[in-house]
Amino acid sequence: MSSGTIETAILSPTQENLDWLADWIRKGGVAALPTETVYGLAADALNTGALRQIFEIKRRPLYDPLIVHVENGEKLLEWAEINEDLRRTVLTLIERFSPGPLTYVLPKKSWVPELLTAGRPTLALRIPAHPLFREILRRSSLALAAPSANPFGYLSPTLARHVRESLGGKLHYILDGGDCTVGLESTILDLSRSPMRILRPGKITREEIQSVLPDKEIAGYIHEELDDTVSPMAPGMLRRHYSPRTPLCLFFKMEELPLAKEENVARVFLSRKDREEVLGNDFFLSEEGDGMQVAKRLFSLLRELDTSHSYEKIYCQCPPSHGLGTAIADRLCRAAGLPKKGP
Ligand code: AMP
Ligand code: MG
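A brief look at the structure comes next. (Residues numbered from 1 in each chain as written. Chains lettered and ligands numbered in written order. Predicted model: local features only at pLDDT ≥ 70, side-chain atom pairs only at ≥ 80, totals over all residues. Heavy atoms only, no water.)

Turning our attention to the sheet that holds strand β11 (residues 218-219). Here 11 strands make up an open sheet; going across it, the order is β1-β8-β2-β3-β7-β4-β6-β5-β9-β10-β11 and the pairing mixed. Two strands bound the open sheet, and with one partner strand each, they are β1 (9-11) and β11. By the bridge criterion, four bridges tie strand β5 (residues 102-107) to strand β9 (residues 187-190) in an arrangement that is parallel. The partner of threonine 103 across the bridge, within β9, is isoleucine 188. (Pairing = 2+ DSSP bridges. Helix = DSSP H or I, 4+ residues; strand = E, 2+ residues; numbered from the N terminus.)

In structure tokens, the structure reads:
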């Protein structure tokens, strides 16, 4: 699948390579780095030339804003233009959820490059937890824009080789951090509006956020049908996103699984439990139906079925939309191009 002329190296995380990558990025280069959510395509958030490269490599439309990754809460607040009340709320959330997979959308400072925000008055910021990403932040002393390191609209990468499979030939370096522990993109919380709203569900759930802000109203994730041509609040809101090329059909209950034994169809189940008869084209996201494990394997298994087999269709079981199931069901519905989530 590689195209382009650049030789793409997967670098092991030695001290020397970390210094090299920090320097490469400081000089305006782009590199794929592991985060706890998915691999990111990282560049200096204040270097517009480097930011343009991110959009080109991903073929990402310019209306889709980027997330800026910073080392700590103090640095995060430098980018935001907020009043004391909002500052206290953000600090409460940071204390509980950061570093980690929660992205804060906040009113931005006037000097923030338009390319980061797609011209919006708000900026998305996150403090990542992955030790290697944090090392690059520390060694470069930069804030890094880092959208998922995949072609726009395709499944997000959770292994270094996923990045090379789909972006090989377009970037020089991928830092190998093994597999991502979360496996789904961050939860995005828009704090610039009242009530605050979840723009993209992720590992950190609305219920968890509510539990540390008991007096604040948090609007749920909007998932009504959207016109893909208008600028969405978050690209996770595009009807079709995170998609394999092989057609994907979702089922919610076993009884709805239409085809039992067709050879050229893959069947993906959330759990191996209760499956008495297992066919050669049956796959399991988790042995016990553990949500964290399902999330971690979801993109990786769909990618494998999409690229290493010649299935004509993938049937995948969709979890109910609560807790972590909200994020998993959301990604599955986007991947299947469905406008609404299931039950
Ligand atoms: P990615 O890292 O490729 O998964 O994409 C970054 C995510 O952050 C996208 O879903 C963006 O739309 C979202 N995002 C970035 N900036 C903003 C913003 N100012 N308002 C709303 N969503 C944003
Ligand atoms: Mg993405």
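Still to come is the rest of the account.
What follows is about the pairing of strand β15 (residues 313-317). Counting buried residues along β15, four of its five residues qualify, which places the element largely inside the surrounding structure. In this structure, strand β12 (residues 248-251) lies alongside β15, joined through four bridges in parallel fashion. Each residue of the ladder has a partner; that of cysteine 249, found in β15, is tyrosine 315. Sheet topology places strand β13 (residues 265-269) next to β15; four bridges connect them, and they run parallel. Within β15, the residue paired with valine 265 across the bridge is lysine 313. (Buried < 20%, exposed > 50% of the residue type's maximum accessible area, 1.4 Å probe, protein only.)

Bringing the environment of alanine 80 into the picture now. With respect to the helices, strands and loops of the structure, alanine 80 is situated in the loop between α3 (73-78) and α4 (84-97). On the basis of relative accessible area, alanine 80 is assigned to the buried category, the value being 5%. When the C-alpha atoms of alanine 80 and leucine 41 are compared, they prove to be 23 Å apart, with 39 residues separating the residues in sequence. Setting aside residues up to four positions removed in sequence, alanine 80 forms contacts with Leu106, Pro107 and Lys109. (Contact = heavy atoms within 4.5 Å.)

Our next topic: the pattern of salt bridges. All chains considered together, the criterion is met by 20 salt bridges. For glutamate 165, the salt bridge identified is with arginine 161, shortest N-O distance 3.5 Å. Remark: arginine 161 and glutamate 165 occur in helix α7 (residues 160-167); sequence separation between them is four residues, near one turn of the helix. Residue classification places glutamate 165 among the partly exposed positions, given a relative accessible area of 27%. Classification of arginine 161 as partly exposed rests on a relative accessible area of 47%. Residue arginine 303 is joined to glutamate 165 by a salt bridge in which the shortest nitrogen-to-oxygen separation is 4.0 Å. Residue arginine 303 is located in helix α9 (residues 291-307), and its partner glutamate 165 is located in helix α7; the two are separated by 138 residues in the primary sequence. With a relative accessible area of 1%, arginine 303 lands in the buried category. Where salt bridges share partners, they join Asp19, Glu135, Arg138 and Arg139 into one cluster. (Salt bridge = Lys/Arg side-chain N within 4 Å of Asp/Glu carboxyl O.)

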